[in-house]
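Residue-level listing of the chains:
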Amino acid sequence: MWVRWPKPAGSNDERPILAMTAVPRGMARAGPLRVLGAWQLASPNRYFGSYSALVSLGDGTLLAASDSGRRLRFTPPGRHGPGPRFDYFAAPEFGEKRSADIEAMTRDPVTGQLWTALEWNNRIDRYDRDLRLERRVQPAAMRRWRANTGAEAMVRLADGRFVVLAEAGERWFGDEGPGLLFPADPTEAAAPLRFRFRPPAGYSPVDLAALPDGRVLILLRRVLWGVPPHFAGKLMVAHPSTIRAGQAWHAAPLADLAAPLPVDNYEGLAIEAGSDGGLVLWLIADSNHTVFQRTLLLKLGWPATQKAREGPRAP
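Every value quoted in this text rests on a predicted model; they were computed, and no experiment measured them.

Caption draft 1: Seen up close, the overall build of the protein. What the protein contains, in helices and strands, is two helices and 23 strands. Looking at the protein as a whole, 55% of its 315 residues are labelled buried. Within the protein, contacts between residues at least 6 apart in sequence are counted, and of these 50% link residues at least 24 apart. When the accessible surface of the protein is split by element, carbon and sulfur atoms take 52% of a total near 14,000 Å².

This is the structure in structure tokens:
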């Protein structure tokens, strides 16, 4: 179904080049969020593209991970910092999709440790602050998750717990997907609490990010089938204190990501503190190396006055 970009056979272009071209924003707001900018990313580097996870490294740079195990560290527009660095989590000889399909990342801002979730083999890897592999596990609670719709979204909470969501259910039919709440680092064999997550009709959860007040921001994506397919996105807010074993975890809508806003297959979400006391949200789109998709970077602002009024609170 997917028409891939033609790539020259044996391409070995590894130049650290990243072009960031501003694209029309089309609208000033998305719900309570201010649209601060949108850019299309492009590079001749053979490791570029198909980014499905994003984190802030706390030094002004962002780290993106792809579904082929590659990573890109870059300074976003409007900031001074180091140039782009292309690298990989999974070594090239280990780069088949089922062993390298990173769909989510989360980071401990204190230790600098970083965790990745891989979809095809439902694995979680932990890296140290220098991105050296420390541990690699396939949690027993994730073994029945389907290969291409498995571990898709993951977040480390401030208290050290982890939430992991599958992209879809364990069965082909049904609206709810499985979720896990780990009491500690999932690579340390912690037994999780099992729950369910029911997204809005047609949507799938694709990323999670922790808010400073303890809530969780959920990024969802919907495929609008056509020739070519298009995409819509949605942001929702939920509180992990409302997670109950075997029950559905409910979230409140925050904003729709739809035209005329530049929209593509947004799959990565990172949150930073804003200069006004609010938050800055960064979203990155997974191009899937297709001819009709773009690697978009979207910057949204969540003013402090709006943030205080939106979404569910702890009971």
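Caption draft 2: A look at the sheet that holds strand S17 (residues 216-224). Taken together, four strands build an open sheet; the order of strands is S16-S17-S18-S20 and the sheet is antiparallel. What marks the edges here is a single partner per strand, and that holds for strand S16 (204-210) and strand S20 (252-257). In this sheet, neighbouring strand axes are inclined to one another by 25° on average, regardless of whether the strands run parallel or antiparallel.

Caption draft 3: The layout of surface pockets, seen in detail. Taken as a whole, the second largest pocket encloses approximately 670 Å³ of empty space. Along its surface, the second largest pocket is lined by 33 residues, and Arg107, Pro109, Arg156, Ala210 and Ile271 are the ones closest to its centre. If one sorts the elements of the lining of the second largest pocket by residue count, strand S21 (residues 266-273) sits on top with five residues. For the lining of the second largest pocket, the residue count by class is 20 nonpolar, six polar and seven charged.

Caption draft 4: Here's a closer look at the nonpolar core. One finds Leu217, Leu235, Tyr266, Leu281, Leu283, Leu300 and Trp302 to be the most contacted residues of the largest nonpolar core, which totals 28 residues. Listing elements by their share of this core, those giving two or more residues are strand S3 (33-42), S16, S17, strand S18 (230-238), S20, S21, strand S22 (279-285) and strand S23 (295-302). Those residues in contact with Leu217, other than ones at most four positions away along the chain, are Asp207, Leu208, Ala209, Leu211, Leu235, Met236, Val237, Leu254, Leu269, Ile271, Leu281 and Trp302. Membership of the second largest hydrophobic core comes to 18 residues, among which are Val155, Leu157, Leu165 and Ala232.

Parameters at a glance
Residues numbered from 1 in each chain as written. Predicted model: local features only at pLDDT ≥ 70, side-chain atom pairs only at ≥ 80, totals over all residues. Heavy atoms only, no water. Helix = DSSP H or I, 4+ residues; strand = E, 2+ residues; numbered from the N terminus. Buried < 20%, exposed > 50% of the residue type's maximum accessible area, 1.4 Å probe, protein only. Contact = heavy atoms within 4.5 Å. Areas by Shrake-Rupley, 256 points an atom, 1.4 Å probe, with all protein chains shown as cover. Pairing = 2+ DSSP bridges. Axes fitted to C-alpha atoms, helices over the stretch in contact; angles between N-to-C directions. 1 Å grid on protein atoms, 1.4 Å probe; cavity = no way out; pocket = protein on both sides within 12 Å on 5 of 7 lines; lining within 4 Å. Points joined across faces, edges and corners; volume = space filled by probe spheres on them. Nonpolar A, V, L, I, M, F, W, Y, C, P; charged D, E, K, R; others polar. Core = buried A, V, L, I, M, F, W, Y, C linked by side-chain atoms within 4.5 Å.

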